[in-house]
Amino acid sequence: ICSSPFSSPSLFLFIIPYSVRKDQPIYSEFHSLEVLRAALLDYVRERFLRFRSTNYKDFALAFLRFAKAEPQLFKFLYLRRRDPQEKLLDDVNLELTVSLLAKSLDMPLAIAREMHQRMQYYCYALGVMIATDYRDLSEEELGKELTDLLCIMLGHYKGIRSEAELEPWLEKARHLIS
């Protein structure tokens, strides 16, 4: 399912420091293919996925933009075989996003973590559809999908039963999704 991540144009920036020895394959600089893969995973996480924001939706949009702009690297990072001990989803911004949710929505960290994990599953599915050309979504469509899902999740995790109960929480969460 995963074609070579080395077909990505952005990988050029990763390869440049190791291209001085033209008589050896790049992985010879890393002593093994596994060490090269680990270095590439770290590079992708830091270069494309780590950033700071006070808007929850921005984290999801950055993830989905990465899937669209760098489908091969996205597939390399998220559609690879994993050891059973490895986390299901790789999220370099996990602690920041969970604390943002907990603080903004007045919820315990454990509940914010669970809510975020469910949001991750949804974003992961959207990212896979985008990276595999199953579905192409505009920025506007992505924004609407993410806002709608946050409203549903907010209703579920805050135990909201009516639109009237939801409205104050949506107002409180507005900076998370605008």
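Enquirer: Sorry, what's going on with the overall build of the protein chain here?
Expert: Scanning the protein chain from N- to C-terminus turns up 8 helices and 0 strands. For the protein chain, the succession of helices and strands along the chain, N to C, is α-α-α-α-α-α-α-α. Taking the contacts inside the protein chain whose residues are at least 6 apart along the sequence as the reference set, 68% of them involve residues at least 24 apart. Accessible surface, the protein chain as shown: approximately 10500 Å² in total, 57% of it carbon and sulfur.

Enquirer: Hey, could you run me through the nonpolar core in this one?
Expert: In a soluble, globular protein the nonpolar side chains are often hidden away together inside. Counting 25 residues, the largest nonpolar core has V44, L49 and F66 as the members making the most contacts within it. Within the residue set of this core, elements represented by two or more residues are α2 (33-49), α3 (56-69), α4 (71-78), α6 (109-131) and α7 (139-157). In this structure, L101, A102, L154 and L166 belong to the second largest nonpolar core, which totals 21 residues.

Enquirer: Would you explain unusual backbone geometry in this entry?
Expert: Excluding glycine, most residues fall at negative phi; most peptide bonds, likewise, are trans. The backbone phi angle of D106 is positive, close to 50°, even though this residue is not glycine. Within the secondary structure, D106 is located in the loop between α5 (94-104) and α6. Positive phi, close to 60°, is recorded for D133, a residue that is not glycine. Checked against the element boundaries, D133 lands in the loop between α6 and α7. With relative accessibility at 70%, the residue D133 sits in the exposed group.

Enquirer: I'm lost on the packing of aromatic side chains in this one. Help?
Expert: Each aromatic ring pair is summarised here by two numbers: the centre-to-centre distance and the angle between the ring planes. Applying the stated criterion to the full structure yields 5 aromatic pairs. Geometrically, the ring pair formed by F66 and F74 is tilted, given 6.0 Å between the ring centres and 55° between the ring planes. There is no split in this pair, since F66 and F74 are both buried. Measuring from ring centre to ring centre gives 4.9 Å for F74 and Y78, while their planes differ by 40°; the resulting arrangement is tilted. Of the two residues, F74 and Y78 are both situated in helix α4; the distance of 4 residues between them amounts to about one turn of the helix. With relative accessibility at 0%, the residue F74 sits in the buried group. Ring pairing ties together the aromatic residues F63, F66, F74, Y78 and Y124, which thus form one cluster.

Enquirer: What's the story with the environment of L100 in this structure? I'm lost.
Expert: Relative to the elements of secondary structure, L100 occurs in helix α5. When the C-alpha atoms of L100 and N55 are compared, they prove to be 8.3 Å apart, with 45 residues separating the residues in sequence.

Enquirer: I tried to follow α4 on my own but got confused; where do I start?
Expert: Since the α-helix packs 3.6 residues into each turn, any two residues three or four apart lie on the same face. Burial within α4 is extensive, with 7 of its 8 residues counted as buried. For α4, every residue scored as buried is listed here: Q72, L73, F74, K75, F76, L77 and Y78.

Enquirer: Can you walk me through the confidence of the model for the protein chain in this structure?
Expert: Detailed reading of the predicted model is not advised wherever pLDDT is low. On average, residues of the protein chain score 79 in pLDDT, and 79% of them reach the 70 mark or higher. Mean pLDDT across the secondary structure elements of the protein chain bottoms out at helix α1 (residues 11-15), with 47, and peaks at α6, with 93. A low-confidence stretch, residues 1-7 stays under pLDDT 50, and its non-local contacts, those more than four residues away or across chains, total 16 contacts. Note on residues 11-20: pLDDT under 50 across the span, and 16 contacts to partners over four residues away in sequence or across chains.

Enquirer: I would appreciate a short explanation of the environment of I152 in the present structure.
Expert: Mapped onto the secondary structure, I152 falls in helix α7. Residue classification places I152 among the exposed positions, given a relative accessible area of 58%. Sequence separation of I152 and L166 is 14 residues, and the distance between their C-alpha atoms is 9.7 Å.

Each value, and the rule that gives it
Residues numbered from 1 in each chain as written. Predicted model: local features only at pLDDT ≥ 70, side-chain atom pairs only at ≥ 80, totals over all residues. Heavy atoms only, no water. Helix = DSSP H or I, 4+ residues; strand = E, 2+ residues; numbered from the N terminus. Contact = heavy atoms within 4.5 Å. Areas by Shrake-Rupley, 256 points an atom, 1.4 Å probe, with all protein chains shown as cover. Core = buried A, V, L, I, M, F, W, Y, C linked by side-chain atoms within 4.5 Å. Buried < 20%, exposed > 50% of the residue type's maximum accessible area, 1.4 Å probe, protein only. Phe/Tyr/Trp six-rings, centres within 6.5 Å; stacked < 30°, edge-to-face > 60°. pLDDT = per-residue confidence, 0-100.

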